Amino acid sequence: MIVFDNVTKYYKSNVGLEKVSVRINKGDFVFLVGPSGAGKSTFIKLILKEIDATSGSIKVRGREVTTMSNRQVPILRRNIGIVFQDFRLLPKKTVYENVAFAMEIIHQPKKLIKKYVPQVLSMVGIASKANKYPDELSAGEQQRVAIARAVIQQPKVLLLDEPLGALDLKLRKEMQVELKNLHETLNMTFIYVTHDQEEALTMSDTVVVMNQGEILQQGT
Ligand code: ADP
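Residues numbered from 1 in each chain as written. Predicted model: local features only at pLDDT ≥ 70, side-chain atom pairs only at ≥ 80, totals over all residues. Heavy atoms only, no water.

(A) Just the overall build of the chain, in detail. Helix and strand counts for the chain stand at seven helices and ten strands. Taken against the 2.2 N^0.38 rule, which gives 17 Å for 220 residues, the C-alpha radius of gyration of the chain at 17 Å falls within 12% of a compact globule. The principal-axis extents of the C-alpha atoms in the chain amount to approximately 50 × 40 × 30 Å. Long-range pairs, those at least 24 residues apart, make up 69% of the contacts in the chain between residues at least 6 apart in sequence. Taken as a whole, the chain presents about 11,400 Å² of accessible surface, with 48% of it coming from carbon and sulfur. Computed over 30 positive and 23 negative side-chain charges, the separation of the two mean positions in the chain equals 9 Å. (Helix = DSSP H or I, 4+ residues; strand = E, 2+ residues; numbered from the N terminus. Rg over C-alpha atoms; globule rule 2.2 N^0.38 Å. Contact = heavy atoms within 4.5 Å. Areas by Shrake-Rupley, 256 points an atom, 1.4 Å probe, with all protein chains shown as cover. Lys, Arg positive; Asp, Glu negative; His and termini not counted. Charge placed at Lys NZ, Arg CZ, Asp CG, Glu CD.)

Quick look at the structure:
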């Protein structure tokens with residue numbers, strides 16, 4: 001599904017990644033763990049082709065990303081959903097509209113939008129807030145909306161970038177369980193990026209431990 005083979009990324013004299021090889025299979029729930037500067041963001045940006053590798057091969061769903069033309073990049077990204085730590089919801093749209101908008105921009109028919117938005121809002125436990133605006137929601141509720149918005153496009157891969165970093169401990173624990181359940185329901189590949197080693201170990205399927213651009217350890 002996603003294969004990094006001996007990937008190196010230099011930013012001028014800074015090392016982003018050094019000879020990284022990773023294989024993420026379809027349907028895996030993989031944790032990418034490491035302190036600040038480990039190369040986690042670099043890894044994600046390379047998958048999305050927001051930056052180019054210095055050397056090595058990156059395959060996403062069988063397609064080589066490093067040599068991909070600009071024209072093919074939107075197709076690559078169309079299959080990758082992202083959930084950010086800071087939610088990034090549209091403040092002037094309701095919960096329903098935020099999630100519906102994710103379908104509108106990929107030109108889904110109105111009928112499908114009407115059918116799927118309520119389903120996905122229920123799935124993430126936020127159906128009762130459909131008509132609220134983001135600033136009327138708690139942080140946990142906002143993150144549920146962000147998750148709904150990402151999964152409604154039915155991407156093949158969901159990137160979760162420190163998704164629970166803005167939540168308090170109790171809520172974080174709850175959401176960890178819910179994300180695991182969601183992963184089982186959706187049968188999607190999840191890549192979960194965090195600096196929190198404990199979070200990774202308690203939730204883990206597979207953990208990739210990174211430090212200073214290198215992989216220290218990977219396994220179940
Ligand atoms: P993480 O997300 O784990 O904190 P990053 O991928 O952001 O790690 O960074 C890995 C290394 O690459 C760091 O040493 C960082 O300073 C360097 N780096 C990242 N982005 C840039 C950039 N745009 N220019 C120069 N160096 C960068």
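(B) The arrangement of the environment of Thr 206 in detail. Looking at where Thr 206 falls in the secondary structure, it is placed in strand β9 (residues 206-211). Judged by relative accessible area, which is 22%, Thr 206 ranks as partly exposed. Note: C-alpha distance between Thr 206 and Phe 31 (175 residues apart in sequence) is 6.2 Å. Residue contacts for Thr 206: discarding those within four places in its chain leaves Phe 29, Val 30, Phe 31, Gly 219 and Thr 220. (Buried < 20%, exposed > 50% of the residue type's maximum accessible area, 1.4 Å probe, protein only.)

(C) Here's a closer look at unusual backbone geometry. The residue Glu 162 is not glycine, and still its phi comes out positive at about 45°. Mapped onto the fold, Glu 162 is located in the loop between β7 (157-161) and α6 (169-186). In this structure, Gln 212 takes a positive phi of about 45° despite not being glycine. Relative to the helices and strands, Gln 212 is located in the loop between β9 and β10 (214-219).

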